[in-house]
Amino acid sequence: MIDATEQINAVRRQVGSRTLEAGEASVITISQTYDAPIEDVWDACTNAERIPRWFLPISGELRLGGRYQLEGNAGGTVESCDPPTSFAATWEYGGEVSWIEVRLTPEGEDRTRFELDHIAHVDDDRAAQFGPGAVGIGWDLALLGLASYFGQPGAAVRPEDAEAWSASDEGRAYMTLASERWYEASVAAGTDPETARAAADRVTAFYTGAPA
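No experiment lies behind these values; they were computed from the predicted model shown.

Student: I'd love a proper account of the pattern of salt bridges, names of residues and values included.
Tutor: Using the criterion set out here, one finds 15 salt bridges in the structure. A salt bridge links E92 to R67; its shortest N-O distance comes to 3.0 Å. Of this pair, E92 sits in strand β6 (residues 86-93) while R67 sits in strand β4 (residues 67-70), and the two are 25 residues apart along the sequence. For E92, a relative accessible area of 27% puts it in the partly exposed group. Accessibility expressed as a relative area gives 43% for R67, which makes it partly exposed.

Student: Please provide a residue-by-residue account of the nonpolar core, values included.
Tutor: Counting 41 residues, the largest nonpolar core has F114, W139, L146 and F150 as the members making the most contacts within it. Among the elements of the structure, β2 (23-34), α2 (38-46), β4, β6, β7 (96-106), β8 (112-120), α4 (133-151) and α6 (169-188) are those that each provide at least two residues to this core. The element best represented in this core is α4, accounting for 9 residues. Ignoring any residue separated from it by four or fewer positions in sequence, one finds W139 in contact with I28, I30, F55, W91, I100, L116 and H118.

Student: Describe the layout of surface pockets, with residues and values.
Tutor: Over the atoms rolls a probe the size of a water molecule, and in doing so it shows where empty space is left. One number sums up the size of the second largest pocket: a volume of about 370 Å³. If you go around the second largest pocket, you meet 23 residues; those closest to its centre are C45, I51, I58, F87 and I100. Put simply, the parts of the chain that give the lining of the second largest pocket at least two residues each are α2, β4, β5 (75-82), β6, β7, β8 and α4. Grouping the constituent residues of the lining of the second largest pocket by class yields 21 nonpolar, 1 polar and 1 charged.

Student: Residue-level account of the environment of A128, with values.
Tutor: Structurally, A128 is set in helix α3 (residues 124-130). By relative accessible area, A128 is classed as partly exposed at 32%. Distance from A128 to A199, taken between C-alpha atoms, is 6.2 Å for residues 71 residues apart in sequence.

Student: Give a description of the packing of aromatic side chains that names residues and reports values.
Tutor: According to the stated counting rule, one finds 8 aromatic pairs in the structure shown. Note on W54 and F55: the rings are 5.4 Å apart at their centroids and 15 degrees apart in plane angle, and the pair reads as stacked. According to the relative accessible area criterion, W54 is buried, its value standing at 9%. Where W91 meets W139, the ring centres are 5.0 Å apart and the plane angle is 50 degrees; that geometry is what we call tilted. Residue W91 is found in strand β6, and its partner W139 is found in helix α4; the two are separated by 48 residues along the sequence. As far as the burial class goes, W91 and W139 line up, both buried. Through pairs of rings, three or more aromatic residues link up here, namely W54, F55, W91 and W139. One residue, R197, lies across the ring of Y183, its end atom 4.2 Å from the ring centre.

Student: Residue-level account of the sheet that holds β7, with values.
Tutor: Pairing is antiparallel in the open sheet, where 8 strands are placed in the order β1-β2-β8-β7-β6-β5-β4-β3. Bordering the open sheet on either side are β1 (12-20) and β3 (58-60), each of which pairs with just one other strand. Going across the sheet, the axis of each strand differs from the next one's by a mean of 25 degrees, ignoring polarity. Across the face of the sheet, α2 comes into contact with β5, β6, β7 and β8 while running at roughly 160 degrees to β7. The sheet strands contacting α6 are β1 and β2, and the helix crosses β1 at an angle near 50 degrees.

The rules we used
Residues numbered from 1 in each chain as written. Predicted model: local features only at pLDDT ≥ 70, side-chain atom pairs only at ≥ 80, totals over all residues. Heavy atoms only, no water. Salt bridge = Lys/Arg side-chain N within 4 Å of Asp/Glu carboxyl O. Helix = DSSP H or I, 4+ residues; strand = E, 2+ residues; numbered from the N terminus. Buried < 20%, exposed > 50% of the residue type's maximum accessible area, 1.4 Å probe, protein only. Core = buried A, V, L, I, M, F, W, Y, C linked by side-chain atoms within 4.5 Å. Contact = heavy atoms within 4.5 Å. 1 Å grid on protein atoms, 1.4 Å probe; cavity = no way out; pocket = protein on both sides within 12 Å on 5 of 7 lines; lining within 4 Å. Points joined across faces, edges and corners; volume = space filled by probe spheres on them. Nonpolar A, V, L, I, M, F, W, Y, C, P; charged D, E, K, R; others polar. Phe/Tyr/Trp six-rings, centres within 6.5 Å; stacked < 30°, edge-to-face > 60°. Lys NZ or Arg CZ within 6 Å of the ring centre and 35° of its normal. Pairing = 2+ DSSP bridges. Axes fitted to C-alpha atoms, helices over the stretch in contact; angles between N-to-C directions.

This is the structure we're talking about:
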């Protein structure tokens, strides 16, 4: 099993904004470098047979213009695709639409940096209530799955095992650490520390079941 603190430290997190046609949007960026060539990381992120081994079962057409659906989670449309370096898609969940953009960058022959932007229009009240960790912690868990997959060739994440781990002391500790790092990223982006602290405490409680 991957060391939780080592994995948390291997991930980079950033909070920012972007101006879209519909107005100002919040952007969280999360990235990690993996010991795998870019073609392998690309295939792991775009091949419907491999995605469930580190993330979630997926159905649909994983091609430009195709629709996809993650089991029990988001679905959407693939809006751009430039193998093996980038793709973008809508992220539709709970009646709301946001966007993801994934970029892969080689760092030497056998190392690849995975970077993901999640872009969303978030009202001020909701942003103040939960902060960037609301979606950031979920992506931290996805990158943990990818790190475990590349770190243990042949291994695969089973949904029931992932659910049990998330409810364990180890899983709750990991999500608490991730929440703390999103708090730090929020403050670094200019959020009032007291506001960021309260939001981080609430989102930690949501993910772990601990009192806020």
